[in-house]
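So the chains spell out like this:
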Amino acid sequence: MDFKQEVNGVDAAKAEQPASGSAAAKVRLRHPHTGDIQEVDATPDKLVPLMVQGYQQIPPEIPATKGV
Amino acid sequence: MAARVQQLVLGLGLGEQTNIATASAAFLRFKKIDMALTTPKPVFENDAAEIGKGHEFATATFPSHYDVANRIEKYASAEFVAWALAFGLGNVVQSGSSPNYTYTITPIDPGTSLELPYFSVVEQVPEGGGAAIDNMHIGCAIEDFTYAFTYGPGRASSKLTVNWVGSGKLTTPSGVTVPALTTESNMLAASMALTVNGIDLVATKRILSGSIGWKNNLLLNAGFYPGSGLQSGLQLRGRMEIGARVPSFQFTARLLATSTEAALLLAQTAGSAVLSVQYDANHSAAFTFPQLAFQMVENTEADGIVAITVTGTPEYATSGGVFSAVCKCGITGIAG
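Residues numbered from 1 in each chain as written. Chains lettered and ligands numbered in written order. Predicted model: local features only at pLDDT ≥ 70, side-chain atom pairs only at ≥ 80, totals over all residues. Heavy atoms only, no water.

Draft legend 1. Expanded view of the overall build of chain B. The helix and strand inventory of chain B stands at 2 helices and 19 strands. Over its C-alpha trace chain B gives a radius of gyration of 22 Å, about what one expects of a compact globule, namely 20 Å for 336 residues. Accessible surface, chain B: about 14300 Å² in total, of which carbon and sulfur atoms supply 55%. Taking the 19 positively charged and 25 negatively charged side chains of chain B as two groups, their mean positions are separated by 6 Å. (Helix = DSSP H or I, 4+ residues; strand = E, 2+ residues; numbered from the N terminus. Rg over C-alpha atoms; globule rule 2.2 N^0.38 Å. Areas by Shrake-Rupley, 256 points an atom, 1.4 Å probe, with all protein chains shown as cover. Lys, Arg positive; Asp, Glu negative; His and termini not counted. Charge placed at Lys NZ, Arg CZ, Asp CG, Glu CD.)

Structure follows, in structure tokens:
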């Protein structure tokens, strides 16, 4: 791939991006010790404050039951 | 016959091992820059220092333990950066969908766990119709990673180096069919955005080079606990816990009359530092220190241009922790 092809590829990928402002997906987090479950937007400003407290992502196959 | 090191097939575990002794179920194959091959090093001790033999020489050797470690130096692709930070920091939330899976990554909370996610490393070197090397190292953890950027052209402007340590558990031959090479999206330093303590170092065209590092200081001796297990009579690590972790951030920038770093150092003003690089909108990495003070500001030069090197002190912020990263790439299931 030459440089021009690579630049074209980058531009094409950028053009395929969804419009900004679309609703963020939700992610479920659980604290492994307290069992508390939080469902928050999948954005760093929502996730990081919980993650630094130890909250971890609940894999999709686990039911969202408090205290699982 | 002989084998060339370019024939190395390097496979890194994709998902988190279920425990330190159970091999990864799937692998990613990566290229790397350095030539270092992993040695499954059995360590033996002897009785030379023991008294009562009548001399100071060894009369016997005794199996001790396995010691396995290596480094992976690579150009910083979105895929490898996501892999390295996910396993190196440990708390990973995956969201989004193809083509841009988003990994929000923070260091593990020591109140929750002291163990990082484990992965397996496969190294294969075909030779003469067989294999000169075909090892799978099971139960590996990342000791440290360093993202380094610099001015200059090409992929060398943006690199990531990982040092990893193994439990010692080894499977030979590996029995693994490593997949095809991962398609990597290299994030050149030319794509960088960098704001430190309120200073936009890219907009002012001042930034020259720098590095972001994380060291887990794994408690390696504590991994050899009573009952940790043996392989061929040699002790294996049954755990690798984090020690006192050390984040680091250093950068070199051109020094202008209007530069404020020295004033910020004296005032010990702390602010956020955010560095991001990307290949495109689907392949990127953003590193955030929520609260960074300056520990040292030194005058220097680069290519004859006056500059300063700033060493930061990452501080723990109540809401944002000490460090976090958001990585986007097309691979799903990293450290999951």
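Draft legend 2. Representation of the packing of aromatic side chains in the model. Residues and elements named next belong to chain B. Tallied over the full model, the rule gives 13 aromatic pairs over all chains. Their ring planes at 75° and their centres at 5.4 Å tell us that Phe30 and Phe80 sit as a pair that is edge-to-face. Taken together, the residues span a long stretch of sequence, with Phe30 in the loop between β2 (27-29) and β3 (41-46) and Phe80 in helix α1 (residues 78-89) at a distance of 50 residues. Each member of the pair, Phe30 together with Phe80, is buried. Ring centres of Phe249 and Phe289 lie 5.5 Å apart, and the angle between their planes is 20°; on these two criteria the pair is classed as stacked. With Phe249 in strand β15 (residues 246-254) and Phe289 in strand β17 (residues 283-302), this residue pair connects regions lying 40 residues apart in the sequence. Take Phe249 and Phe289: they sit in the same class, and that class is buried. Put simply, the rings of Tyr147, Phe149, Trp214, Phe249, Phe251, Phe287, Phe289, Phe294 and Phe323 touch in pairs and so form one group of aromatic residues. Seen from the ring of Phe80, Lys74 lies directly overhead, with NZ or CZ sitting 5.4 Å from the centre. (Phe/Tyr/Trp six-rings, centres within 6.5 Å; stacked < 30°, edge-to-face > 60°. Buried < 20%, exposed > 50% of the residue type's maximum accessible area, 1.4 Å probe, protein only. Lys NZ or Arg CZ within 6 Å of the ring centre and 35° of its normal.)

Draft legend 3. Highlighting the nonpolar core. All names here are of chain B. The biggest cluster of nonpolar side chains holds 67 residues, and the ones touching the most others in it are Trp83, Leu85, Phe287, Phe323 and Ile334. Counting residues per element, this core draws most heavily on α1, at 10 residues. What Phe287 contacts, discounting residues up to four positions off in sequence, is Val81, Leu85, Tyr147, Ile212, Ala273, Val274, Leu275, Phe323, Ser324 and Ala325. (Core = buried A, V, L, I, M, F, W, Y, C linked by side-chain atoms within 4.5 Å. Contact = heavy atoms within 4.5 Å.)

Draft legend 4. Spatial organisation of the sheet that holds strand β2 (residues 37-41) of chain A. All names here are of chain A. Spatial ordering of the open sheet is given by β2-β1-β3, a layout of 3 strands whose pairing is antiparallel. Each edge of the open sheet carries a strand with a single partner, namely β2 and β3 (56-57). Where strand β1 (residues 26-30) and β2 come together, 5 bridges link them in antiparallel fashion. What sits directly across from Lys26, in β2, is Asp41. Helix α2 (residues 44-51) contacts β1 and β2 of the sheet and is inclined by roughly 155° relative to β2. (Pairing = 2+ DSSP bridges. Axes fitted to C-alpha atoms, helices over the stretch in contact; angles between N-to-C directions.)

Draft legend 5. Structural detail: the interface of chain B and chain A. Counting residues at the interface gives 24 residues for chain B, matched by 22 residues for chain A. Across the chain B/chain A interface, buried area totals approximately 1700 Å², and carbon plus sulfur atoms make up 59% of it. Area buried by chain B at its contact with chain A is led by B:Val93, B:Thr112 and B:Tyr279, which between them contribute 27% of it. The interface formed by chain B and chain A includes 0 salt bridges. If you look at where chain B meets chain A, you find 4 residue pairs in polar contact (both at pLDDT 80 or more). Among the elements of the structure, β5 (90-97), β6 (100-107), β16 (271-280) and β19 (324-329) of chain B are those that each provide at least two residues to the side of chain B that touches chain A. For the side of chain B that touches chain A, the element with the highest residue contribution is β5(B), accounting for 5 residues. By residue class, the composition of the side of chain B that touches chain A is 7 nonpolar, 15 polar and 2 charged. (Buried area = accessible area lost by both parts, 1.4 Å probe. Salt bridge = Lys/Arg side-chain N within 4 Å of Asp/Glu carboxyl O. Polar contact = N/O pair within 3.5 Å; in protein donor to acceptor, adjacent residues only side chain to side chain. Nonpolar A, V, L, I, M, F, W, Y, C, P; charged D, E, K, R; others polar.)

Draft legend 6. Quick look at the pairing of β1(A). Residue and element names in this part refer to chain A. Between β1 and the antiparallel strand that follows it, β2, lie 6 residues; Gly35 among them carries a positive phi value of about 80°. Of the strand pairs in this sheet, β1 and β3 are connected by 2 bridges, and their pairing is antiparallel. Residue pairing for β3: Arg30 is matched across the bridge by Gln56.

Draft legend 7. Quick look at the confidence of the model for chain B. Per-residue pLDDT for chain B averages 97, and the proportion of residues at 70 or more is 100%. Scored as a complex, the prediction yields pTM 0.92 and ipTM 0.92. (pLDDT = per-residue confidence, 0-100.)

Draft legend 8. Region of the structure containing the pattern of salt bridges. Residue and element names in this part refer to chain B. What the rule picks out here adds up to 10 salt bridges over all chains. The salt bridge partner of Arg71 is Glu73, with a shortest N-O separation of 2.9 Å. Look at Arg71 and you get partly exposed, because its relative accessible area is 33%. Here Arg239 ties to Glu241 by a salt bridge, and the two come within 3.8 Å at their closest N and O atoms. Owing to a relative accessible area of 17%, Glu241 belongs among the buried residues under this scheme. Here the salt bridges share partners, and the residues they tie into one network are Arg71, Glu73 and Lys159.

Draft legend 9. Highlighting α2(A). Those residues of α2(A) that sit buried are A:Leu47, A:Val48, A:Leu50 and A:Met51. For α2(A), the buried positions fall inside an angular range of 165° around the axis, keeping them on one side. Where α2(A) is buried, its residues contact β1 and β2 of chain A together with β5, β6 and β19 of chain B. (Arc of directions from axis to C-beta.)

Draft legend 10. Molecular detail of the environment of B:Asn100. As for its position among the elements, B:Asn100 is in strand β6. A C-alpha to C-alpha distance of 29 Å links B:Asn100 and B:Glu123, two positions 23 residues apart in sequence.

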